[in-house]
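Observations on the model geometry
Here is how the chains run, residue by residue.
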There are 2 protein chains.
Amino acid sequence: MAERPRIEFWYDFASTYSYLSVMRITALAQVHDIRIEWRPFLLGAIFARQGWSTSPFNLYPAKGRNMMRDLERLAQERGLGFRMPDPFPQNSLLAARVGTVGVEEGWIADFTRGVFQAEFATGAQISDPQVLAGVLEDIHLDAKRILAAAQSSETKDALRRRTDEAIAKDIYGAPSFVVGQELFWGDDRLEQALRWAES
Amino acid sequence: MAERPRIEFWYDFASTYSYLSVMRITALAQVHDIRIEWRPFLLGAIFARQGWSTSPFNLYPAKGRNMMRDLERLAQERGLGFRMPDPFPQNSLLAARVGTVGVEEGWIADFTRGVFQAEFATGAQISDPQVLAGVLEDIHLDAKRILAAAQSSETKDALRRRTDEAIAKDIYGAPSFVVGQELFWGDDRLEQALRWAES
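Presented here is an overview of the structure given in this document. (Residues numbered from 1 in each chain as written. Chains lettered and ligands numbered in written order. Predicted model: local features only at pLDDT ≥ 70, side-chain atom pairs only at ≥ 80, totals over all residues. Heavy atoms only, no water.)

**Notes on the relation of the copies chain A and chain B**
Each copy superposes on the other: chain A lies on chain B with an RMSD of 0.0 Å after a rotation of 180° and an axial shift of 0.0 Å. Here the transformation between the copies is reduced to the relation of a two-fold axis. Proximity to the rotation axis, assessed at the C-alpha, singles out Asp 188 of chain A in chain A; its C-alpha lies 3.5 Å from the axis. Both copies contact each other with a shared surface, as 100% of the interface residues of chain A are interface residues in chain B too. (Least-squares fit on C-alpha atoms with pLDDT ≥ 70 in both. Contact = heavy atoms within 4.5 Å.)

**A closer look at the sheet that holds strand 4 (residues 182-185) of chain B**
All names here are of chain B. Taken in spatial order, the four strands line up as 2-1-3-4 in an open sheet, and their pairing is mixed. Pairing within the sheet leaves two strands with one partner each, and these edge strands are strand 2 (35-40) and strand 4. On average, adjacent strands in this sheet sit at an angle of 25° to one another, irrespective of strand direction. Pairing geometry for strand 3 (residues 176-179) and strand 4, over four bridges, is antiparallel. Following the sheet pairing, Val 179 is matched in strand 4 by Glu 182. Strand contacts of helix 6 (residues 108-121): strand 1 (6-11) and strand 2, with the helix running at about 55° to strand 2, the strand carrying the most contacts. (Pairing = 2+ DSSP bridges. Helix = DSSP H or I, 4+ residues; strand = E, 2+ residues; numbered from the N terminus. Axes fitted to C-alpha atoms, helices over the stretch in contact; angles between N-to-C directions.)

**A closer look at the interface of chain A and chain B**
Taken together, the contact pairs 24 residues of chain A with 24 residues of chain B. Taken over both partners, the interface formed by chain A and chain B buries close to 2400 Å², and the fraction arising from carbon and sulfur atoms is 38%. Remark: the boundary between chain A and chain B carries twelve salt bridges. Taking the shortest distance from any N to any O, the salt bridge between Glu 182 of chain A and Arg 69 of chain B comes out at 2.9 Å. Elements with a contribution of two residues or more to the side of chain A that touches chain B: helix 4 (61-78), strand 4 (182-185) and helix 10 (190-198) of chain A. If one sorts the elements of the side of chain A that touches chain B by residue count, helix 4 of chain A sits on top with nine residues. The residue inventory of the side of chain A that touches chain B, partitioned by class, reads ten nonpolar, three polar and eleven charged. (Buried area = accessible area lost by both parts, 1.4 Å probe. Salt bridge = Lys/Arg side-chain N within 4 Å of Asp/Glu carboxyl O. Nonpolar A, V, L, I, M, F, W, Y, C, P; charged D, E, K, R; others polar.)

**Describing the layout of surface pockets**
Reported here for the second largest pocket is a volume of approximately 400 Å³. If you trace the second largest pocket, you find 20 residues lining it, with Asp 188 and Arg 189 of chain A together with Asp 188, Arg 189 and Glu 191 of chain B closest to the centre. Looking at the lining of the second largest pocket, the elements with two or more residues in it are helix 4 and helix 10 of chain A together with helix 4 (61-78) and helix 10 (190-198) of chain B. Tallied by class, the residues present in the lining of the second largest pocket amount to two nonpolar, two polar and 16 charged. (1 Å grid on protein atoms, 1.4 Å probe; cavity = no way out; pocket = protein on both sides within 12 Å on 5 of 7 lines; lining within 4 Å. Points joined across faces, edges and corners; volume = space filled by probe spheres on them.)

Written as structure tokens, this is what we have:
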């Protein structure tokens, strides 16, 4: 029996375009019977290596203005809510640590959708442990235990290793999709990456 | 009678992703009966204002590597040749000046396709007046007269004004599409921009 095709989905919880992919990747991958490997990482660490202190959407204001309008138009076409969180980008460290526990324990997909929806549909502060606790409780998980596990040195190390792995895979933005040796960048490449995984 | 809808197509002759749009915009706009207003400009002037001395694809090597692979994949899907010119980016000043004459005289579409095809399908040097003369002759134009007109102070001023107009429209990359007050960035947004023009 042939192995089921896989796609690695690399995203940062603060990334606007990752929101678009998070809200559609599960349905698209199901249609194509492709397994998603969820890979939350810290894009800020990669930006810092490029000499950027914040998102390029803040460093280059015209680019930032168009990103917001682009997201508004795309969210409307796709029937998604869209509200920019303030500040942007949100500090995504705690969400990424919780997500690292979620990868290990198998609830990362539901947690990821909950965080992105809270952040970009309602403008919630994802650096706030209470917000993340709410997302975890909505999916019937023990928030107290998980938030403690998120701060363990084991989890912190696992997240650092994953971000190092992203750098090793030449990832420079989010969302990114990896299929074998092929790297695809951006929500606009999600369909192409899935076709690549199928072929 | 309703006015025929229009789309402004802003591009730089050195831009890889503009190549993708140049090779398909005419056919797509015809299907939708939309008039294309060709707007060659100098993206380098905008990059310089952002503190960049060259293309971000050179400044950020991982981004540059993925751009090349992305272009290869897309060109293959679309049946286009693709070869990166060396050096990249090409100096597009002379091509933009000739293009400015072409906008005035009505042969900009054919000239633009010829230049992009020479540059990205065969790797030709578009800063070389002989290469541009070849493109002009292929479309039965008087290369000598046009290359002289391209260097007139009138043409140089018109190109400067167009680049200033791009900045005023908040353009920060190429290709860009403008429909009324709406700015769309990137070949990936061409279809959406055309739908916007139609509606």
